[in-house]
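Working through the structure, step by step
The primary structure of each chain is shown beneath.
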Amino acid sequence: MEGLLGGFATVFQPATLMYCFIGVFLGTVVGILPGLGPLTTIALLLPITYKMDVTSAIIMLSGIYYGVAYGGTITSVLMRIPGEASSVVTCLDGYEMARKGRAGAALGIAAIGSFVAGTIGVVAVSYLSPPLSRWVLAFGPAEYAMVMLAGLSLVTYFSSGSRLKALLMAGFGLLLGTVGSDPLAATPRLTFGVFHLTGGIDLAPLAIGLFGISEVLSMVLRKKEKMQVLAPPSSLLGFMPNREEARRSVGPVARGTVLGFIVGLIPGGGAVLATFLSYAVEKKLSKHPEQFGKGAVEGLAGPESANNSGTAGAFVPLLCMGVPANAITALLLGAFMIHGVAPGPTIMERQPELFWGVIASMYVGNVMLLILNLPLVGLFVKILDVPRAWLAPIILTVCLIGVYSTNSAAMDVLLAVMFGVIGYILRRYGYDLGIVILAYVLGVIFERSVRQALAISDGDLGIFVSSPLTITFAVITAVLVGLAFVPRKRAPGPADAAIAAAEVSQVK
């Protein structure tokens, strides 16, 4: 409790509080704009954080991450267009409620459920992190190597689309992580005679190229379409659900909170998987499953709660183990490393103001989001009126300036443009770019841990199956890699219809 109070003292400093507000505000805006997700935004802002202190930088970037979940709800309910992937399920029943004249109630249920779930998720992070950090302190290089390998396997397994494509993207990310000097022998690898690459490929040009510049190309080439927006309520009372709607929301919010947090802990799980699982659970438990997809309150409250608690859960492996649960937390891990901080079991003792400051900022950020998102819905929706012809060049300019400012190197700009073209092509053919970033970040840690473990064991590979923990992670990895080649067979459901609608609305 003393550490958390110290975290609040850090957050309530004027400058830190301002960065927290900037983060959640940008997160809401980004959540509203279809296509411009948290990955792109965090990648764009990564170079800017170089000049900031590490606590303010991580608090701002984290605010974008969990703020997106709120913003994506607005367009899902009012327009049936998910602002980002985890809001796809909200389109199913949220939009149908809005068509029935209950847009305010739908937004109110989503905001309150998100606030409750996000707050409970942060409380769970506060209590789970200290004991987990103490447990992770017992990890050696072999345990870390197997954790990284199992985490990457889980991400690949849970990815949307073809698992073979996911494996290819994981391999691509691992390959990019090997470019540069060998960490032990200092000999150049895959540099092709380019001196700039001897230090490796920086995270900034890679992330900004794959997500920022490729998004600009998508914006320019995407067909323009007319978007119909259902009117939000004009008063705060209009956002209040009636007694029956409130009663039906309680159970789904509670179940979604628990389910979302647990799924968020798993590498590859994240908020997207949590929302789909929550929707399936609520439909299974409902006495009237036929109402789902037609404006069922449970189909909105459960997934929205799972979305936010899943976001909170993803911070546990990042802060306590230094293992990102998804591509966004991989970028956050990169931000830590850029500032010379290695998140993991020792961060609580070495930099408690950073560790507890991030957790305390999530409490404060959730309150800010609740206050922001209901009164200002009408204003946020107006953001969609910004012409794409203005938005694309602004984003491109920010991308290029951000990349160049990192090392003042023209080669970084060239790399960013190259990765932007590659990213656009991969998007067109349905490849998950998030896995590339995750594999790139994990690969560096994985290689270092493997080399250290082999040095300790004198080259004996048996060290990777020498303890119950390493054997467990080795079995998990083997099973998941095997399952990756088993064809997926499932019947199409209403969630598929929502995904199809989202894809149609964002034709590239």
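Keep in mind the model is a prediction, meaning the values are calculated, not measured.

1. Observations concerning the overall build of the chain
- Within the chain one finds 22 helices and two strands.
- Burial statistics for the chain: of 508 residues in total, 56% are counted as buried.
- Total accessible area on the chain stands at roughly 21,100 Å², and carbon and sulfur atoms take up 69% of it.

2. A word on the pattern of salt bridges
- All chains considered together, the criterion is met by seven salt bridges.
- One salt bridge in this structure joins Glu447 and Arg189, with 2.7 Å as the shortest N-O distance. Taken as a pair, Glu447 in helix 20 (residues 433-457) and Arg189 in strand 2 (residues 188-189) lie far apart in primary sequence, 258 residues in all. An identical accessibility class is assigned to Glu447 and Arg189; each is buried.
- If you follow the salt bridges from partner to partner, you end up with Arg189, Glu447 and Arg451 in one network.

3. Looking at empty space enclosed by the protein
- In the structure shown here, the tally under the stated rule is two cavities of 30 Å³ or more.
- Reported here for the second largest cavity is a volume of approximately 60 Å³.
- Every residue lining the second largest cavity is listed: Tyr66, Tyr70, Gly118, Val122, Asn308, Thr311, Ala312, Met362 and Asn366.
- Looking at the lining of the second largest cavity, the elements that each hand over two or more residues are helix 4 (54-79), helix 6 (103-136), helix 12 (298-313) and helix 16 (352-373).
- In terms of residues, the lining of the second largest cavity owes the most to one element, helix 12, which gives three residues.
- Considered class by class, the residues forming the lining of the second largest cavity number five nonpolar, four polar and no charged.

4. Focus on the packing of helix 4 against helix 5 (residues 90-99)
- At a minimum axis distance of 6 Å, the contact between helix 4 and helix 5 shows a crossing angle of 55°. Judged by the inter-axis angle, helix 4 sits oblique to helix 5. Helix-helix and strand crossings are classified by hand; for helix 4 and helix 5 the assignment is right-handed. Contacts from Thr73, Ser76, Val77, Leu78 and Met79 of helix 4 reach helix 5 at Thr90, Cys91, Gly94, Tyr95 and Ala98.
- Split by residue class, the contact of helix 4 with helix 5 holds six nonpolar, four polar and no charged.

5. Description of the packing of aromatic side chains
- What the rule picks out here adds up to six aromatic pairs.
- Between Phe21 and Phe25 the ring centres are 6.0 Å apart and the planes differ by 25°, which places this aromatic pair in the stacked class. With Phe21 and Phe25 both in helix 2 (residues 14-32), this residue pair falls four residues apart, about one helical turn.
- You can call Phe21 partly exposed: its relative accessible area is 36%.
- Between Phe355 and Trp356 the ring centres are 5.1 Å apart and the planes differ by 85°, which places this aromatic pair in the edge-to-face class. In this structure, Phe355 and Trp356 share a single accessibility class: buried.
- A network of ring pairs unites the aromatic residues Phe8, Phe12 and Tyr363 as a single cluster.

What counts and what doesn't
- Residues numbered from 1 in each chain as written.
- Predicted model: local features only at pLDDT ≥ 70, side-chain atom pairs only at ≥ 80, totals over all residues.
- Heavy atoms only, no water.
- Helix = DSSP H or I, 4+ residues; strand = E, 2+ residues; numbered from the N terminus.
- Buried < 20%, exposed > 50% of the residue type's maximum accessible area, 1.4 Å probe, protein only.
- Areas by Shrake-Rupley, 256 points an atom, 1.4 Å probe, with all protein chains shown as cover.
- Salt bridge = Lys/Arg side-chain N within 4 Å of Asp/Glu carboxyl O.
- 1 Å grid on protein atoms, 1.4 Å probe; cavity = no way out; pocket = protein on both sides within 12 Å on 5 of 7 lines; lining within 4 Å.
- Points joined across faces, edges and corners; volume = space filled by probe spheres on them.
- Nonpolar A, V, L, I, M, F, W, Y, C, P; charged D, E, K, R; others polar.
- Axes fitted to C-alpha atoms, helices over the stretch in contact; angles between N-to-C directions.
- Parallel < 35°, antiparallel > 145°, perpendicular 65-115°, else oblique.
- Left-handed = near helix turned anticlockwise from the far one by under 90°.
- Contact = heavy atoms within 4.5 Å.
- Phe/Tyr/Trp six-rings, centres within 6.5 Å; stacked < 30°, edge-to-face > 60°.

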